[in-house]
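So the chains spell out like this:
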Amino acid sequence: MDIQGALREPVPGAVIPREFRRPYRRRRSVDAWRAVTIAAFWLGLVATLLPWWWNTPAGFLRDPATSLTAVGRITGLVAGYVLLVQVLLMSRVAWLDRWLGARDLLHWHRDLGVFVVAAVLAHAAFTVLGYAKLERVGPAREVVRLLTVDKYTGMLGAFVGTGLLVALAVLALPLLRRRMSYEVWHLLHLTSYLVLVLSVGHQFAVGQEMSAPGFSRAFSLALWCAVVGAVLWGRLFAPVRMNLRHRFRVRSVVLEGPDMISIYIGGDRLPELRVRAGQFFRWRFLDDRNWWQAHPFSMSAAPNDDWLRLTVKVVGDHTAGLRRLRPGTRVFVEGPSGDFTADRRRQARALLIAGGSGIGPIRALLEELPPRTVVLYRARNAGELVFREELSLLAEARDAQVWYVTGGRDDPGPRRAFSPRGLLELVPDLTRRDVYLCGSAGLVDASVVALRRAGVPARQIHLDPFEF
């Protein structure tokens, strides 16, 4: 095991920003914003269902047919509302990212997606069964009738939307998702907007509560307008405005190691860019090979007045192509996003744990955290370690301590270092620190288990949000 203390001798030539111009400021807890968001969700759901309750006369649910139909209507209203919320969570509006953080937004989006699929299938099943009992026909014949009778205009779109939604849910299963590239999954995911369009046509065409003027229709229209506005602002207008303002371009591409490169990005008015170390952008490089895809990469240095930097591990065709970027190439940037930042800390000190390309945001965070931060940098061998010169200078300037842990996954040294006892030996005041983790899923999962067993509260553990 190669574990050594902080490097104390400054190495000439390391690229470090001129000054630490962004002092640490602890941010207020986001728990209050989280509670407000959850309360707003439930209030919106109640407002969606109340018109059905008001408009349903006493004694209406007198037989199986009307009961089944009622369940179908309720699940349809719930599915439509939750689908809107799900789209809003991925609208990329800045205030949602600040309130909840990119990681929680992603997890909530996924969890709600499972619920939406279940609710839509329940809506379709109960509606067909209820109508079939009312018409005294079989379910298959009722499906044909719903698709062909003129008064049920919009049903065909509803069935198509349901099929697309189920297909997306199947493709999102971990076994299939892991086999797809980020680009393919992103393109497939765009079909969710088609599901949204088909569902709104269905709801307002044949939905009992929304087809006629009234509170339910007005409330639903207001929600749709708000969500569409958020999507347009977060994914189109705000990024276009930012890129017109800053005009980002590639300055240089630097080889950091055998399969690691750093890309330096210049632009206009960079001091006005509101971004913190630990956040990420979605970068779209506008050359012949890469213009059609945008990928999320964290910055590997705290923002400064002259440039931004991202560090990329070459693992596929897209990242391999980035090595051939030419200076002057235009870059379209979306963001910044993420709450993997110093202002989310709850304690006075921090421990940073990095593995592989996860050293990028960790190295950037070291610039904005207060003195006596400890960095634990995991790699298979010394040749994979990058930024050693910069970490040396930062350790000197920030009174930090850097430990390098190298060796195979099953080597006794690394296994001990990432055990509860090993972590406490390296960082005796571990439980009084916030811990930032960025690296492979295996490293992060094992570290979280060890940290929790060592007594670190879950609220003091911060994970990088790269789960796309």
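Small disclaimer: the values here were computed from a predicted structure and weren't measured.

Attention now moves to the overall build of the protein chain. The secondary structure content of the protein chain amounts to 16 helices and eleven strands. Residues counted as buried form 48% of the 468 residues belonging to the protein chain. Accessible area of the protein chain: about 22900 Å², with a carbon and sulfur share of 60%.

Within this numbering scheme, the UniProt entry marks residues 32–54, 74–91, 112–132, 152–175, 187–206 and 218–238 as carrying the feature "transmembrane region" (unreviewed entry). For the annotated span residues 32–54, helix accounts for 100% and strand for 0% of the residues, and the straight-line distance between the end C-alpha atoms is 33 Å. Between the end C-alpha atoms of residues 112–132 there is a gap of 30 Å, over a span that is 100% helix and 0% strand.

This part covers the sheet that holds strand β1 (residues 249–257). Ordered by their spatial adjacency, three strands build an open sheet running β1-β2-β5, and the pairing between neighbours is antiparallel. The sheet is open, and its two borders are formed by β1 and β5 (308–313), each paired with just one other strand. On average, adjacent strands in this sheet sit at an angle of 20 degrees to one another, irrespective of strand direction. Across six bridges, the pairing between strand β2 (residues 260–266) and β5 is antiparallel. Bridge pairing links Met260 to Lys313 in β5.

Once that is clear, we can look at the sheet that holds strand β4 (residues 295–298). One open sheet holds the three strands; their spatial order is β4-β3-β6, and the pairing between them is antiparallel. Either end of the sheet is taken by a strand with one partner, and the two such strands are β4 and β6 (331–337). Between one strand axis and the next, the sheet turns by 30 degrees as a mean value, whatever way the strands run. Against the sheet, helix α10 (residues 215–246) contacts β3 (280–285) and β6, and its axis sits at roughly 115 degrees relative to β6.

Once that is clear, we can look at the nonpolar core. Residues Tyr81, Val82, Val85, Val116, Leu165 and Leu196 are the most contacted members of the largest nonpolar core, which totals 27 residues. For this core, the elements supplying multiple residues, two or more each, are α1 (31–55), α2 (64–89), α3 (94–100), α4 (102–135), α9 (191–206) and α10. Per-element tally for this core: the top contributor is α2, with nine residues. With near-sequence residues (within four places) excluded, Val82 lies in contact with Phe41, Leu112, Phe115 and Val116. By size, the runner-up hydrophobic cluster in this structure holds 25 residues, among which are Ala342, Val375, Leu394 and Tyr404.

With that out of the way, let us pick up helix α6 (residues 155–171). Helix length check: α6 (17 residues) gives 24 Å between terminal C-alpha atoms against 24 Å at 1.5 Å per residue, within 8%. For α6, the set of buried residues is Met155, Gly157, Ala158, Gly161, Thr162, Leu165 and Leu168. The buried residues of α6 occupy an angular sector of 150 degrees when projected down its axis, which confines them to one face.

On to the pairing of strand β9 (residues 401–406). For β9, a buried count of five out of six residues is recorded, marking the element as mostly surrounded by other parts of the structure. Sheet topology note: the strand β8 (residues 374–379)/β9 ladder contains six bridges and is parallel. Among the inter-strand pairings, Tyr377 is bridged to a residue of β9, identified as Tyr404. Running through helix α13 (residues 388–398), the crossover from β8 to the neighbouring parallel element β9 is right-handed.

The rules behind the values
Residues numbered from 1 in each chain as written. Predicted model: local features only at pLDDT ≥ 70, side-chain atom pairs only at ≥ 80, totals over all residues. Heavy atoms only, no water. Helix = DSSP H or I, 4+ residues; strand = E, 2+ residues; numbered from the N terminus. Buried < 20%, exposed > 50% of the residue type's maximum accessible area, 1.4 Å probe, protein only. Areas by Shrake-Rupley, 256 points an atom, 1.4 Å probe, with all protein chains shown as cover. UniProt positions renumbered as here; feature names shortened; annotations may be inferred. Pairing = 2+ DSSP bridges. Axes fitted to C-alpha atoms, helices over the stretch in contact; angles between N-to-C directions. Contact = heavy atoms within 4.5 Å. Core = buried A, V, L, I, M, F, W, Y, C linked by side-chain atoms within 4.5 Å. Expected span 1.5 Å × (residues − 1). Arc of directions from axis to C-beta. Right-handed = clockwise from strand over helix to strand, strands pointing away.

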